[in-house]
Amino acid sequence: MSIDKFSSRIEFSAMTHFVRDLEDEGRSPVFRTMESATTDHVVVSGRSRIMLGSNNYLGLANHPRVIDAAQAALRRFGAASTGSRVANGTCSLHRTLEDELAQWHNTESAVLFPTGYQANVGTISALVRPGDTVILDWAAHASIHDGARLAGAHIEHFNHNSADELRALLVGARAVPTLVVVDGLYSMEGDIAPLDEIAALCREFSAMLMVDEAHSVGILGATRTGAVELFGMQDDVDIRMGTLSKGLGSIGGYVVGPEDLTDYLRTHARAYQFTTAGTPAAVGAAVEAVRIAQSDEGAERTARLIANVDLLRGALAAHDVETIAPTVLPDGTSAPGPIVPAIVADEQTLIEVWNRLFDQGIFSGISVFPGVRIGNPLLRLCVTADHSIADLEFVAKSIASLRPAESIDAPALTH
Ligand SMILES: Cc1ncc(COP(=O)(O)O)c(C=O)c1O
């Protein structure tokens, strides 16, 4: 009987049928197969295309030194770590990476998880208990929402980047332990959390604050550790989490902070304990990527990335393509991130736009529910340090050429 219920759930899933129909028509923007390495270009369906849909912001996934380090780790430690960090899964590279992440972030300690998803789920579910409150920006990453759910916490949401709504929720949560979690730089909207206001509120209401730097590490701040550093909030943020899977060109998640926190996570985070440790090749690659990100070359790559973002934004604006604007910081300066989201009228238009760009030799990204709220689809353009001026100008021109037939303008996003 219950098998029937599960079967019908699987059989009649609207989402599954929608994707399957698009795949049958050869028009699906999701689950495509990459046929080459993902650099500023990628081969898909037999043709090289300009890659605007990857998180390889600094180009480190293809850096010769990162690849050499991965190969050396593979040769020395083998293809697998063969166990949990708790048992036999820790090799010297895990320790080196944790030490260097802690040094880079100027914290006492770091703890490494196999993925960023596990870092969020593991950390939040280890710290929070049923009866506690977790307050999240609606746009916070799915792994943050999932960690809070797994913890059995009471969950509240505030509209995207609204410090006023956060204040109202903190007033209501006053009596119980409260954790506030935000992304430093949002993966779909591409904007930055107002960490100065959020940290001040958390201080006022004695709430713990956790910031996810998945998309900002390697990019924001004087030493490029992320949005917390950009705002100078290192002493005001209790938990800084990041990933090695975007700008840092490998895979893995981490939390940096006091040793009491990281030791607690090592002994209580089930997503750390009950899973096989990150593979040696990935950890070796990450060690080298972290070194490059901190060096003069890292600074140059970040500067090139931001110059490319400015160029694409300028070209899109020149063609009247509406995008979510970069964040303006308290000192009035603009802080662009690598993600340039163009506003699209609806999901059907987005799929049409994606396919028309694909036909013109561009692989872009899409943001649809549940990545964003229903009715707010975005064409997600991810810039890298390695894109050429000619390619970015071509992308802007191609997007503009789709109008008016496939207008990508729509009312402003209402998170
Ligand atoms: C904001 C944010 N946090 C966490 C994650 C999860 O990181 P990972 O891909 O390393 O599991 C992602 C990845 O999409 C993300 O965008």
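This is a predicted model, so every value here is computed, not measured. The numbers attached to residues start from 1 for each chain and follow its sequence in the written order. Totals for whole chains, interfaces and linings use all residues, but because this is a predicted model, local features are given only for residues with pLDDT of at least 70 and pairs of side-chain atoms are given and counted only at 80 or more.

## Things to note about the site of the ligand
Thought 1: The C-beta atom of each residue is placed using the backbone, and any residue whose C-beta lies within 6 Å of a molecule or strand is treated as near it. Around the ligand, the surrounding shell holds 15 residues, and the nearest of these are Gly-116, His-141, Ser-187, Ala-214 and Ser-245.
Thought 2: Helix and strand definitions follow DSSP, with helices as H or I runs of at least four residues and strands as E runs of at least two, each counted in order from the N terminus. In terms of residue count, the dominant contributor to the shell around the ligand is helix H5 (residues 116-127) (3 residues).
Thought 3: Classifying every residue of the shell around the ligand by side-chain character gives 3 nonpolar, 10 polar and 2 charged. Three classes are used: nonpolar for Ala, Val, Leu, Ile, Met, Phe, Trp, Tyr, Cys and Pro, charged for Asp, Glu, Lys and Arg, and polar for all others, with Gly counted as polar.

## Observations concerning the sheet that holds strand S2 (residues 47-51)
Thought 1: Pairing in this open sheet of 3 strands is mixed, and the strands run S1-S2-S13 from one edge to the other. Only two strands of the sheet have a single neighbouring strand rather than two, namely strand S1 (41-44) and strand S13 (362-363).
Thought 2: In this analysis, strands are considered paired if DSSP registers two or more bridges between them. Pairing analysis gives 2 bridges linking S2 to S13, with the strands arranged parallel. Bridge pairing in S13 places Met-51 opposite Phe-363.

## Notes on the pairing of strand S5 (residues 154-158)
Thought 1: With 5 bridges connecting them, strand S4 (residues 133-137) and S5 associate as parallel partners. Pairing of Thr-133 across the sheet is with His-154, part of S5.
Thought 2: Remark: the S4/helix H6 (residues 142-151)/S5 crossover connection has right-handed handedness. A right-handed crossover is one whose linking path, passing over the helix from the first strand to the second, runs clockwise when the strands point away from the viewer.

## Re helix H13 (residues 296-318)
Thought 1: Multiplying 1.5 Å by the residue count of a helix minus one yields the expected span of that helix. Taking 1.5 Å of rise per residue, the 23 residues of H13 would be expected to cover 33 Å, and the 33 Å separating its terminal C-alpha atoms lies within 8% of that figure.
Thought 2: Exposed residues have 12 or fewer other C-beta atoms within 10 Å of their own C-beta, buried residues have 20 or more, and partly exposed residues fall in between, where C-beta atoms are placed from the backbone. Listing the buried residues of H13 in full gives Gly-298, Arg-301, Thr-302, Leu-305, Asn-308, Val-309, Leu-312, Arg-313 and Leu-316.
Thought 3: We call two residues in contact when their backbone-placed C-beta atoms lie within 7 Å. Of the surrounding secondary structure, the elements contacted by the buried residues of H13 are helix H12 (280-294), strand S12 (339-343), strand S15 (378-382) and helix H15 (389-401).
Thought 4: In the segment just after H13, Asp-320 is the residue with positive phi, at about 60 degrees.

## Description of the packing of helix H3 (residues 64-77) against H12
Between two packed helices, both the angle of their axes relative to each other and the distance between the axes serve to describe the pair.
Thought 1: Fitted lines through C-alpha atoms give the axes, limited to the stretch in contact for helices. The angle between two N-to-C directions lies from 0 to 180 degrees. At a closest axis distance of 7 Å, the pairing of H3 and H12 adopts a crossing angle of 145 degrees. At the point where H3 passes H12, the crossing takes the right-handed sense. Facing Arg-65, Val-66, Ala-69, Ala-70, Ala-72, Ala-73, Leu-74 and Phe-77 of H3, the residues of H12 in contact are Pro-280, Ala-281, Val-283, Gly-284, Ala-285, Val-287, Glu-288, Ala-289 and Ile-292.
Thought 2: Broken down by class, the residue content of the contact of H3 with H12 amounts to 14 nonpolar, 1 polar and 2 charged. Crossing handedness: left-handed means the near helix sits turned counterclockwise from the far one by under a right angle, and right-handed means the same turn made clockwise.

## Some remarks on the confidence of the model for the protein chain
Thought 1: Confidence in the prediction for the protein chain averages 95 pLDDT; 97% of positions are at 70 or higher.
Thought 2: Confidence of the prediction at every residue is given by pLDDT, a number between 0 and 100. Of the regions scoring below 50 in pLDDT, residues 410-415 engages in 11 contacts with residues more than four places distant in sequence or in other chains.

## Let's talk about the domain arrangement of the protein chain
Thought 1: Along its sequence, the protein chain is organised into domain 1 (15-51 + 299-401) and domain 2 (64-294).
Thought 2: Computed from C-alpha atoms alone, the centre-to-centre distance between domain 1 and domain 2 is 26 Å.
Thought 3: Residue-level contacts link 19 residues of domain 1 with 17 residues of domain 2.
Thought 4: Elements represented by at least two residues in the side of domain 1 that touches domain 2 include exactly H13, S12 and S15.
Thought 5: At 3 residues, S12 tops the list of elements feeding residues into the side of domain 1 that touches domain 2.
Thought 6: Split by residue class, the side of domain 1 that touches domain 2 holds 12 nonpolar, 5 polar and 2 charged. For the domain bounds, the source is a domain assignment made automatically or taken from a database.

## A word on the environment of Leu-402
Thought 1: In this structure, Leu-402 sits in the segment after H15.
Thought 2: On the basis of neighbour count, Leu-402 is assigned to the partly exposed category, with 18 C-beta atoms found within 10 Å.
Thought 3: Residues Leu-402 and Leu-179, spaced 223 residues apart in sequence, show a C-alpha to C-alpha distance of 44 Å.

## Comments concerning the packing of H13 against H15
Thought 1: Running from N to C, H13 and H15 cross one another at 30 degrees; their axes reach a closest spacing of 9 Å. With respect to H15, the axis of H13 lies roughly parallel. Remark: the crossing between H13 and H15 carries right-handed chirality. Every residue of H15 that contacts H13 at Asn-308, Leu-311, Leu-312, Ala-315 and Leu-316 is listed here: Ile-389, Leu-392, Glu-393, Val-395, Ala-396 and Ile-399. Angle categories are assigned with fixed cut-offs, so that under 35 degrees is roughly parallel, over 145 is roughly antiparallel, 65 to 115 is roughly perpendicular, and the rest are oblique.

## Observations regarding the pairing of strand S6 (residues 178-183)
Thought 1: Of all 6 residues in S6, 6 are buried; the element is thus mostly enclosed.
Thought 2: Burial of the side chains of S6 extends over both faces: Thr-178, Val-180 and Val-182 are buried on one face and Leu-179, Val-181 and Asp-183 on the other.
Thought 3: As paired strands, S4 and S6 are joined by 4 bridges and run parallel to one another. When the bridges of S6 are listed, Ile-135 appears paired with Val-180.
Thought 4: Where S6 meets strand S7 (residues 208-212), 5 bridges bridge the pair, whose relative direction is parallel. Within S7, the residue paired with Asp-183 across the bridge is Asp-212.
Thought 5: The parallel pair S6 and S7 is bridged by helix H8 (residues 195-204), and the resulting crossover is right-handed.

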